[in-house]
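An overview of the molecular structure
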Amino acid sequence: MTAEPKLPRSVLPEVQSLRAVAVLLVLAYHLAPQLVPGGFIGVDVFFAISGFLITGHLLREVRRTGRIDLPGFWAARVRRILPAAVVVIIAVLGATLAFLPPTQWKTVGIAALAAAFSVENWVLAADSVDYLAADSAPTALNHFWSLGVEEQFYLAWPLLVLLAVWLGRLRWPARSDPRIALLLVFGAVVVGSLAYSMVLVGSGNPAAYFVTPARVWELAAGGLLALLLAPREPGLERRAWHRFRATGARTALAWAGFAAIAAAAFGFGAATPFPGLSAALPVAGTLAVILAGETRGVLAPQKILELSPVQWVGNVSYSLYLWHWPVLIFFLNFSGSEPDPAQGTGLLVLSLLLAGASHRWIETPVRTLAPLASSKWRTLGAGAVVVALVTAMSFAPGTLAQRDTAEQEGAAATLLAAPPPELGAASIPDGAPPYLPGKKQIIPVPADAERDRPHLGECVQKPDSPVTRECTMGAADGTLTIALVGDSHATHWYRAVEATAKEHGWTLLTYLKNSCPFTATERIAEKNGRISCHQANEDTLKRIISRGDVDAVVTSHWAGAVLDKGAAEGFADYWGKLEDAGIKVYPIIDTPRPGTRVFARDCVVQHPDDLESCGAPATSAFEANDFTLAAAKREPRVGVLDFSDQFCVGGFCPAVIGNVLVYRDKHHISDTYMRTLAPVFGARLEAKLRADGLDDRAR
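Everything numeric in this text was worked out from a predicted model, so none of it was measured.

Topic: unusual backbone geometry
Here the amide bond leading from Phe274 into Pro275 is cis, since omega sits at 5°, within 30 degrees of zero. Along the chain, Pro275 falls in the loop between helix 9 (247-267) and helix 10 (280-292). The omega torsion across Ile443 and Pro444 is -5°, close enough to zero to call that bond cis. If you trace the backbone, Pro444 turns up in the loop between helix 16 (376-417) and strand 1 (460-461). Phi angles above zero are rare outside glycine, and Ala432 is one such case at about 55°. In this structure Ala432 comes out as buried when scored by relative accessible area, which is 5%. One non-glycine residue, Asn659, adopts positive backbone phi at about 70°.

A look at the packing of aromatic side chains
In total, this model carries 21 aromatic pairs according to the counting rule given. Their ring planes at 50° and their centres at 4.8 Å tell us that Phe518 and Tyr574 sit as a pair that is tilted. Of this pair, Phe518 sits in the loop between strand 4 (507-513) and helix 19 (524-527) while Tyr574 is found in helix 21 (residues 567-580), placing the two residues 56 residues apart along the sequence. Taking the relative accessible area as the measure of exposure, Tyr574 reaches 0% and is therefore buried. Of note, Arg77 hangs over the ring of Phe73, and the distance from its end group to the ring centre comes to 4.9 Å. For the cation-ring pair, Arg215 lies above Tyr209, with the distance from its terminal atom to the ring centre recorded as 4.5 Å.

A look at helix 5 (residues 120-128)
Turning to helix 5, its buried residues are Glu120, Asn121, Leu124, Ala125 and Ser128. The buried residues of helix 5 occupy an angular sector of 140° when the element is viewed end-on, so they sit on one face.

Section: the packing of helix 3 (residues 70-99) against helix 14 (residues 341-367)
Running from amino to carboxyl end, helix 3 crosses helix 14 at an angle of 140°, the nearest separation of the two axes being 8 Å. On the basis of their axis angle, the class for helix 3 and helix 14 is oblique. Classified by chirality, the crossing of helix 14 by helix 3 is right-handed. In this structure, helix 3 contributes Arg79, Arg80, Pro83, Ala84 and Val87 to the contact, and helix 14 contributes Ser358, Ile362, Glu363, Val366 and Arg367.

What counts and what doesn't
- Residues numbered from 1 in each chain as written.
- Predicted model: local features only at pLDDT ≥ 70, side-chain atom pairs only at ≥ 80, totals over all residues.
- Heavy atoms only, no water.
- Helix = DSSP H or I, 4+ residues; strand = E, 2+ residues; numbered from the N terminus.
- Buried < 20%, exposed > 50% of the residue type's maximum accessible area, 1.4 Å probe, protein only.
- Phe/Tyr/Trp six-rings, centres within 6.5 Å; stacked < 30°, edge-to-face > 60°.
- Lys NZ or Arg CZ within 6 Å of the ring centre and 35° of its normal.
- Arc of directions from axis to C-beta.
- Axes fitted to C-alpha atoms, helices over the stretch in contact; angles between N-to-C directions.
- Parallel < 35°, antiparallel > 145°, perpendicular 65-115°, else oblique.
- Left-handed = near helix turned anticlockwise from the far one by under 90°.
- Contact = heavy atoms within 4.5 Å.

This is the structure in structure tokens:
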């Protein structure tokens, strides 16, 4: 006797439960990362699910009709994805104009535009490899990066399926089922994309986290499983591998899948190379749960998976993912600090309420709206109109911000046309007042602060560059030759060093490389493959010594960099070799950082009459890992320069001093403030040179 063929289940509770797990992991990671340090893998669970479901849908259509209705497929995606996404984008734009400082408006507008066109992942990828943009404040739409990956997959994947079907029929015309061709194409995508992801991760390229080619293998892996489980005849239940037909085997496989996801969620963290091969663990776990399918028995997870709360979270998971991140970002902007457990719980509840409302009154009604559901072309047209409207709205924040900035730039130009003698650091002797009498304009204009930095082009090398470039500034045959060496915190001293060199007719050399402190000790980031410093530093040391004309080296480093063991010894080693060669070394103690979680430029716009709230006590403003003094004890011939008193007065480090914004971002000093500090810098460096016997040339 033969068993009746089983019809497919219309609902897959295990898939809905995986969606619930995925979104809750992401929420937990964002609200309490210390509890779930690898919760970011929830996105990978989503990717595998999407690949499985979408491919299954496409394969069923191919078996049923022999083709794929591309406009119909894309129209269905529009009805499913666009309504809730558009509402969130519009809500974020409105809330940005209402609650956030103008310094953030343009960035949010760009993010909204990228989200509307499903390319936010590429915007973030570009920022991640730009050292000066990588530390930017997150927007309330950054989480659209993962939707961008999925939507790009939805655009290309059906075309690839059609190509595979055509190739299969061309190669095997007698076969009605192009399974072999599909298997080869899907497998090639998985292998190629995974290999590319591993190469990017191995090279330390942070763009690997966002770019579609490094992520698409996760969706393709879900598609591969859908192909392997697809029944040969339409309308039947998916096939199960014979080894997993038994109830016990299915139960064990399901629990193993959930265990793999949990292992990644609680075992991964910021130091985990990701995605690359590490992402295979949560993806494999997800596919194992799907492969197990419906489980029954005393120990089976099915009863848990079918619980109403679990299924409800799975149903609203898309809206929950969309709303939770804006809720968190606006909370962080209002509070200035991470949420405590009670606040985190409140944010979770608010996100759930918004998700429920969004699913009930936006997602479901629009997806089933008769005028759209009955016409794919009407759906695509409506989608195009909506995207065009969101595009127009996305330009509004930047336009309004530019108008506000233009007014401030006019006031700043007036102030700089006849600068008061107490501007910026010159007001330190008067107690570092935030505003000078009768002056309320902050310079640089906060909206332009990010660009208030040395523009040295290739003279400042990127973190992954294998070399540090030597550049010559100032007099060609100066009375002294001074070298400025180090990372971006050495670079932000450039204006002060340049002004001093110009005043005295010195030759100025620069050896600058972002993220690379001038030390023999490796940064942990280099050990993890994300930057390249050690060989470049060794070459720089040899070049400086071999020149034979360098009189002194000025150097500094960001004290927030995490170095391997023996950090102080690494600095002292390089300094000692320079001193042995007759080159004086003047390390600068690192500068403080702002006192708020948000950027100082944002804070001062939000609190123009309470600028003290944007500063920090000196006891907490300085990084704990500044090895300058410890290294100087090991190499006492160096002359340490300490300008802490030019940033902090009376135990407090302001964000604005004498109408000048001290910081251009989270921890780099603005060029404008450095220019006002140049006279003090020059005087102290001259004193060191004089004490070291270089006074006959330091004039």
